[in-house]
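Residue-level structure breakdown
Here is what each chain is made of, one letter per residue.
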2 protein chains.
Amino acid sequence: MKLEINQAVTHQNSQRAQQLRQRFRQNGIFCLNMIAAPGAGKTTLIERTIAALNRELKILVIEGDPHTHLDTDRVTALGAQCEQINTLGGCHLDAEMVANALKDRNLNEVDLLILENIGNLLCPAAWDLGEDKRLVVTSLPEGNDKPFKYPETFLLSQVLVINKIDLEPHLPTSTHQICHSALQVNPQLEVFKLSCTNGQGLERWLNWIRTQCRHKRSPRCTRCP
Amino acid sequence: MKLEINQAVTHQNSQRAQQLRQRFRQNGIFCLNMIAAPGAGKTTLIERTIAALNRELKILVIEGDPHTHLDTDRVTALGAQCEQINTLGGCHLDAEMVANALKDRNLNEVDLLILENIGNLLCPAAWDLGEDKRLVVTSLPEGNDKPFKYPETFLLSQVLVINKIDLEPHLPTSTHQICHSALQVNPQLEVFKLSCTNGQGLERWLNWIRTQCRHKRSPRCTRCP
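Residues numbered from 1 in each chain as written. Chains lettered and ligands numbered in written order. Predicted model: local features only at pLDDT ≥ 70, side-chain atom pairs only at ≥ 80, totals over all residues. Heavy atoms only, no water.

1. Some thoughts on the relation of the copies chain B and chain A
Put simply, the two copies of the chain differ by a rotation about an axis and a shift along that axis. Where we set the bar: When the copies are overlaid, the least-squares fit takes in C-alpha atoms only where the residue has pLDDT of at least 70 in both copies. We call two residues in contact when some of their heavy atoms are within 4.5 Å.
The transform that puts chain B on chain A rotates by 180° and translates by 0.0 Å along the axis, for an RMSD of 0.0 Å. Taken together, the rotation and translation relating the two chain copies correspond to the operation of a two-fold axis. With an isologous cut-off of 70% or more, the 100% of interface residues of chain B that recur at the interface of chain A puts this contact in the isologous class.

2. A closer look at the sheet that holds strand E5 (residues 133-139) of chain B
All names here are of chain B. The following threshold applies: Note on pairing: two strands pair once DSSP finds at least 2 bridges between them. Secondary structure follows DSSP: runs of H or I at least 4 residues long count as helices, runs of E at least 2 residues long count as strands, and numbering of each begins at the N terminus. To get an axis, fit a line to the C-alpha atoms, keeping to the stretch in contact for a helix; angles then go from 0 to 180 degrees between the N-to-C directions.
Taken together, seven strands build an open sheet; the order of strands is E3-E2-E4-E1-E5-E6-E7 and the sheet is parallel. At either end of the open sheet lies a strand with only one pairing partner, and these are strand E3 (81-86) and strand E7 (190-193). Across this sheet, the average inter-strand angle for adjacent strands is 20°, counted without regard to direction. As paired strands, strand E2 (residues 59-65) and E3 are joined by six bridges and run parallel to one another. From the neighbouring strand, Ile62 faces E3, where its bridge partner is Glu83.

3. Some details on the confidence of the model for chain A
For the record, the criterion: Each residue carries a pLDDT score, the predictor's own confidence in it, on a scale running from 0 to 100.
Put simply, chain A has an average pLDDT of 94, and 94% of its residues get 70 or more. We note a pTM of 0.91 for the whole complex and an ipTM of 0.87 for its interfaces.

4. Some thoughts on the sheet that holds strand E2 (residues 59-65) of chain A
All names here are of chain A. Taken in spatial order, the seven strands line up as E3-E2-E4-E1-E5-E6-E7 in an open sheet, and their pairing is parallel. Single-partner strands in this sheet number two, and they are strand E3 (81-86) and strand E7 (190-193). The mean angle between the axes of side-by-side strands here comes to 20°, regardless of whether they run parallel or antiparallel. Examined bridge by bridge, strand E1 (residues 30-36) and strand E4 (residues 112-116) share five bridges and lie parallel to one another.

5. Some points on the packing of helix H2 (residues 42-53) of chain B against helix H8 (residues 202-217) of chain B
All names here are of chain B. Condition: Any angle that is under 35 degrees is reported as roughly parallel, and any over 145 degrees as roughly antiparallel; angles of 65 to 115 degrees are reported as roughly perpendicular and all others as oblique. For a crossing to be left-handed, the near helix must be turned anticlockwise from the far one by less than a right angle; the clockwise case is right-handed. Residue classes follow a fixed rule: Ala, Val, Leu, Ile, Met, Phe, Trp, Tyr, Cys and Pro count as nonpolar, while Asp, Glu, Lys and Arg count as charged, and any other residue, Gly among them, counts as polar.
Axis separation between H2 and H8 bottoms out at 11 Å; the angle between their running directions is 70°. Classified by the angle their axes make, H2 and H8 are roughly perpendicular. Considering only the axes of H2 and H8, their crossing is right-handed. On H8, the residues touching Leu45, Arg48, Thr49, Ala52 and Leu53 of H2 are Leu202, Trp205, Leu206, Ile209 and Arg210. For the contact of H2 with H8, the class distribution of residues is seven nonpolar, one polar and two charged.

And the structure:
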């Protein structure tokens, strides 16, 4: 019974997500859906990305949060546009919420759309938000075993950020081991190892964002020599 | 529509949880329901508790995990009894799962029952498992703001463990600030600040467990001078 209801909701969600995807494509927007456990560093990664790219890209962030607008305050303080979605305890964003948040926005003025999902490694995995890439962020203090424990999220993502690598000397966990575990679950993952604290690895991440946005703005470039 | 279904399920869950609570009381068992984000250190805290108390208390652990038995392997290696619940991607334990896991157990041989819930700060909050105390574990790397972002879990818990305090010199977060935020959300929380890595604060935690188990075994002692 519950499964049937969930399937119906998910089918409706998929249709809504496809409409969003088409709208993003028409406007040349690169859209990233960020999923992570609480405290993995999603907002800090968004802050670093805005601080570095705000002059060359028009960035819009949708902040999913169970109750607060703490992350929205951090993001708008850096000059990015932001929409807040409060789920009132709900454990994931869905495509309808994203569509509602964007309904009055002129998306022609956006290059990069970042969807910061609710801090949860399980529930958001089932919900397509119309994104181009799904990004899972994990951090070194969480341990080596998370890809095995939450395989849906790692399987359904295309990109992995391993954050807080500056803490490696103080922890029993290993960047290499987390990467190895994640690639065992999903060998197709594109992996970034970085620290938002000391900036290590950030330049490669920022260049990847630049490239993705360039390809979305001028899709034919991907076929050029 | 969805709310009605959830309410019906929760009512059924509450009845099942009350049956469990009665069974735990009849057998003099102290039952702890541990809730935390992935990687906060629930399993490591259980390991430290078993290593210190296994000779004086009969400990049974129920390991909730979306897919793996990694934590069960860690717990049984220390000599504790353990039951595995795999939720197959499900985001919380419910009372029916716990009752099924315990149906063939002689609970007369248990003093302390630890329920390690699924790594998730949102969904487990709504599900009573028949526990005596609900414990939320948060760790320093997760940041100062989690009590405000996940208030249901902090409000519905009686006990808070702030873990990984040994990392404070390497982080922008503060044990004091996390404690302050948590007590703003729920002033009744009993708070333990500890490090499972260097053992700081563990003795007070272990003494609290000893006291809770003693009171459940001999409830009249709480009224003695």
